[in-house]
Amino acid sequence: MNPIIDLLKQHRSIRKFTAEPLPAEVINTLIEAGQAAATSSFIQACTVIQIQNPDTRAQLAECSGHQAYVASAPVFLVFCADMHRHQLACDLHQADMLSGFTEQFLTASLDCGLFAQNLVIAAESLGLGAVYIGGLRNQIERVSELLELPELVYPVFGLCLGYPDQNPEVKPRLPVSVVLKQERYSDQDDRAAIQAYDEEVRTYYRQRTGNNKEMSWSEQISGMLVKEARPHMLPFLQKKGFLRR
Ligand SMILES: Cc1cc2nc3c(=O)[nH]c(=O)nc-3n(C[C@H](O)[C@H](O)[C@H](O)COP(=O)(O)O)c2cc1C
């Protein structure tokens, strides 16, 4: 339709990178592209921490469930939802900041998602590849200690960046009819649409170049959602000053 939409639809996560480094100017440009995203009430609540120290990288790879590319990617960034600097802003005006609201957690986390996705699109437009690393939250307490995150800052996810050394196929998404509803919610036709999509995903997994498997989408999801999802997150976030009211 146009080059930007084409680029978006060509997205696939990249987990193998060449050794080619990224110049600091490119990283700065990508950060500025991230910052250009919309931000709830202008809060600008995303802080990015670039990790270059090999020992820290190795520890973060371990925290993420031994994802080797966390240690080896040319660039590794940690996206943090950050309401700490807003305390500084309030201090400048002798205002007592009220924190801990679920709304603030939501807006700060959303800011990180929008910032990061802008950055990823900018990176992909330069021929770079990326993969998000939610695995960091497996050991979020240890990650926060390693990065010396203060109160009201938490690591939402990491991001590996670099020039692709693989060319994986694009992963098919749910049919538009399942994700776009008109006027009101209805799941009337979703079961049949998901079953048809299951076959598409099964074919994708069977035929893709690497890591082939016999798996449909609903099978994958049903295997995942019968397990607890990082139950340590709520007490951790509350300890950091989020989600208290
Ligand atoms: C917030 C977030 C966290 C993710 N965490 C990981 C991760 O820890 N490791 C990984 O290999 N992929 C991770 N992914 C990548 C997803 O698995 C991937 O985007 C999804 O399977 C769709 O594939 P695609 O990006 O190739 O289209 C993450 C994606 C997102 C958005």
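Residues numbered from 1 in each chain as written. Predicted model: local features only at pLDDT ≥ 70, side-chain atom pairs only at ≥ 80, totals over all residues. Heavy atoms only, no water.

As annotated in an unreviewed UniProt entry, the chain carries the name Oxygen-insensitive NADPH nitroreductase and is attributed to Nitrincola tapanii. If you open the UniProt record of the chain and go to Sequence similarities (unreviewed entry), you find "Belongs to the flavin oxidoreductase frp family." (UniProt positions renumbered as here; feature names shortened; annotations may be inferred.)

A. Here's a closer look at a nonpolar patch on the surface. A cluster of nonpolar side chains, V176, V179 and L180, forms an exposed patch at the surface whose accessible area comes to about 290 Å². Relative to the assigned elements, V176 resides in helix α8 (residues 176–179). Residue V176 is classed as exposed on the basis of its relative accessible area, which comes to 57%. (Patch = residues over 30% accessible without salt bridge, like charges linked within 9 Å, V, L, I, M, F, W, Y side chains within 5 Å. Areas by Shrake-Rupley, 256 points an atom, 1.4 Å probe, with all protein chains shown as cover. Salt bridge = Lys/Arg side-chain N within 4 Å of Asp/Glu carboxyl O. Helix = DSSP H or I, 4+ residues; strand = E, 2+ residues; numbered from the N terminus. Buried < 20%, exposed > 50% of the residue type's maximum accessible area, 1.4 Å probe, protein only.)

B. Spatial organisation of a positive patch on the surface. Taken together, the side chains of R15, K171, R173 and K213 make up a positively charged region of the molecular surface. Considering the arrangement of structural elements, one finds R15 in the loop between α1 (3–9) and α2 (24–35). Judged by its relative accessible area of 42%, R15 is partly exposed. (Lys, Arg positive; Asp, Glu negative; His and termini not counted. Charge placed at Lys NZ, Arg CZ, Asp CG, Glu CD.)

C. Expanded view of the environment of N2. By secondary structure assignment, the location of N2 is in the segment before α1. Note: C-alpha distance between N2 and C160 (158 residues apart in sequence) is 27 Å. Only 2.9 Å separates the side chain of N2 from the backbone nitrogen of I4, close enough to count as a polar contact. Within the local environment of N2, its side chain forms a polar contact with the backbone nitrogen of I5, the two atoms lying 2.9 Å apart. (Polar contact = N/O pair within 3.5 Å; in protein donor to acceptor, adjacent residues only side chain to side chain.)

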